[in-house]
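An overview of the molecular structure
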Amino acid sequence: HTGRLALYLLGLRATCPPASPQRSLVTWLKYYLEEDWTGSRRHGHPLTSYYQYGLGVLALCVHHKRVREEVIRRLLTAQHHGRLGHGGNAVDTEAVVALAFTCLEQRRLVGTELAAELKAAARGASKSMAEAQGPDGIIGNIYSTPWALQVFLATGTCQTEPAFGQAMAALLENLEAFGTAATMAQVLPVLHGHSYLDIASMHCQEETDTLTPMDMEPLTEVPGNKTVQLVVECPLPWCYELRLYDRPVPAPAAASLLDVLWAAAALEPHGFKFHTQDTPQGPFLTQVLGLEARQEKRNYWQLLTAPDTPLQMGIADYRPQDGETLILRLSEW
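Residues numbered from 1 in each chain as written. Predicted model: local features only at pLDDT ≥ 70, side-chain atom pairs only at ≥ 80, totals over all residues. Heavy atoms only, no water.

1. Let's talk about the sheet that holds strand 7 (residues 309-310)
- The strand order across the open sheet formed by five strands is 2-1-8-6-7, and the pairing between neighbours is mixed. Each having just a single partner strand, strand 2 (243-252) and strand 7 make up the two edges of the open sheet.
- Direction of pairing for strand 1 (residues 225-233) relative to strand 8 (residues 325-332): parallel, over a ladder of five bridges. Bridge assignment links Leu230 to a residue of strand 8, and that residue is Leu326. (Pairing = 2+ DSSP bridges. Helix = DSSP H or I, 4+ residues; strand = E, 2+ residues; numbered from the N terminus.)

Spelled out as structure tokens, the structure:
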């Protein structure tokens, strides 16, 4: 609830609505932030993740709402001790938390001493993201790169940080990866030189009603079929046998990876099974052949194209080529 409501409130604020419908939602978000932590106090981290917790603080700040210092300190402590990777991608989480810190400091919603700490923490996050940049310009993965770029923009380091230009170039080369509403919402502000913090200073009375419906052309059907080699790998210590599944799967020519998985599940004999979880970024693969990826075990189902290239898209967005070999590999993060 925390992360989804936070994203909804950020989007709602950007549409310049009347004040009344937001108030009760902001109250609910404050409630979820407290419940998220109270329910897991003995573990020392949120029940959801620091990513969702940071999003909640960011959304409250964008709505000009003060946050209890204890709530902010939880994020500061987690960053200081390197715990932000809990329950999600570390780059995503560090970026969201840095945006929340920058918002609180710039909107003057905290005292002078805490503001100085938050500013230093955000600068530190910006530096560590630059150090995490790969040779291809991507920071973390293609979906976390817009978050990192938002931090460079919000903290003003975009003018002096070489990683900014390299990451922006990588982003422009991979725009086809952003096919869902949630991922578009992360990348669009960056393409216009903005971050989510700019939502807080929008002058809504100056907005004109210029939105018009767009006629969407239906996707053209690609005729014919294709065959994808589907491989499932489970290395030690989780399995004694590395390759658990290796079979050609026929599918329509326009099929996504998710469609290929459904086609594999329909093949006789019915030996292939999988489960997904809905997220704001689309379906996320959680279980294959009865093997479940779990946060407490620090593992996940990595998607690769043979021999060893990680996919930069989700299962619903990636469309494999005819004859391509796709590998689902249980991996550690």
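2. Side note on the pattern of salt bridges
- Counting across every chain of the model gives nine salt bridges.
- Residue Arg329 pairs with Glu233 through a salt bridge whose shortest N-O separation is 2.8 Å. Highlighted residues: Arg329 in strand 8 and Glu233 in strand 1, separated in sequence by 96 residues.
- Look at Arg329 and you get buried, because its relative accessible area is 18%.
- Judged by its relative accessible area of 6%, Glu233 is buried.
- Linking Asp308 and Arg329 is a salt bridge whose minimum nitrogen-to-oxygen distance equals 2.9 Å. Highlighted residues: Asp308 in the loop between strand 6 (299-305) and strand 7 and Arg329 in strand 8, separated in sequence by 21 residues.
- What emerges from the salt-bridge pattern is a single network uniting Glu233, Arg243, Asp246, Asp308 and Arg329. (Salt bridge = Lys/Arg side-chain N within 4 Å of Asp/Glu carboxyl O. Buried < 20%, exposed > 50% of the residue type's maximum accessible area, 1.4 Å probe, protein only.)

3. Section: the state of the cysteines
- Scanning all chains against the criterion turns up two disulfides.
- A sulfur-sulfur distance of 2.0 Å marks the disulfide that ties Cys61 to Cys103. Torsion about the S-S bond of the Cys61 and Cys103 cystine: about -95°, corresponding to left-handed handedness. In this pair, Cys61 sits in helix 3 (residues 50-62) while Cys103 sits in helix 5 (residues 90-106), placing the two residues 42 residues apart along the sequence.
- Judged by relative accessible area, which is 0%, Cys61 ranks as buried.
- Take Cys103: its relative accessible area is 1%, and that puts it in the buried class.
- Each disulfide pairs two cysteine sulfurs, and for Cys234 the partner residue is Cys239, the sulfurs being separated by 2.0 Å. Given an S-S torsion of about 80°, the disulfide between Cys234 and Cys239 has right-handed geometry. (Disulfide = S-S within 2.5 Å.)

4. A closer look at the pairing of strand 1
- As paired strands, strand 1 and strand 2 are joined by nine bridges and run antiparallel to one another. Bridging across to strand 2, Val228 finds its partner in Val249.

5. Some details on unusual backbone geometry
- Here Leu236 and Pro237 are connected by a cis peptide whose omega angle stands at 10°.
- For Arg108, which is not glycine, the phi torsion reads 55° and is therefore positive.
- For Arg108, the position within the fold is in the loop between helix 5 and helix 6 (112-131).
- If you check the backbone angles, Leu289 has positive phi at about 50° while not being a glycine.
- Within the secondary structure layout, Leu289 lies in the loop between strand 4 (282-288) and strand 5 (291-292).

6. Brief notes about the sheet that holds strand 4
- Pairing is antiparallel across the open sheet formed by three strands, whose spatial order is 3-4-5. A single partner strand is all that each edge strand has here, and the edge strands are strand 3 (274-279) and strand 5.
- In this fold helix 10 (residues 257-266) packs onto strand 3 and strand 4, with an angle of close to 150° to the strand it touches most, strand 3. (Contact = heavy atoms within 4.5 Å. Axes fitted to C-alpha atoms, helices over the stretch in contact; angles between N-to-C directions.)

7. Observations concerning the side chain of Asp92
- Inspection of the secondary structure puts Asp92 in helix 5.
- Among buried Asp, Glu, Lys and Arg side chains, Asp92 stands out as unpaired, with Arg4 the closest opposite charge at 14 Å.
- Not counting residues within four places of it along the chain, the set of residues in contact with Asp92 comprises Tyr51, Tyr143, Ser144 and Trp147. (Lys, Arg positive; Asp, Glu negative; His and termini not counted.)

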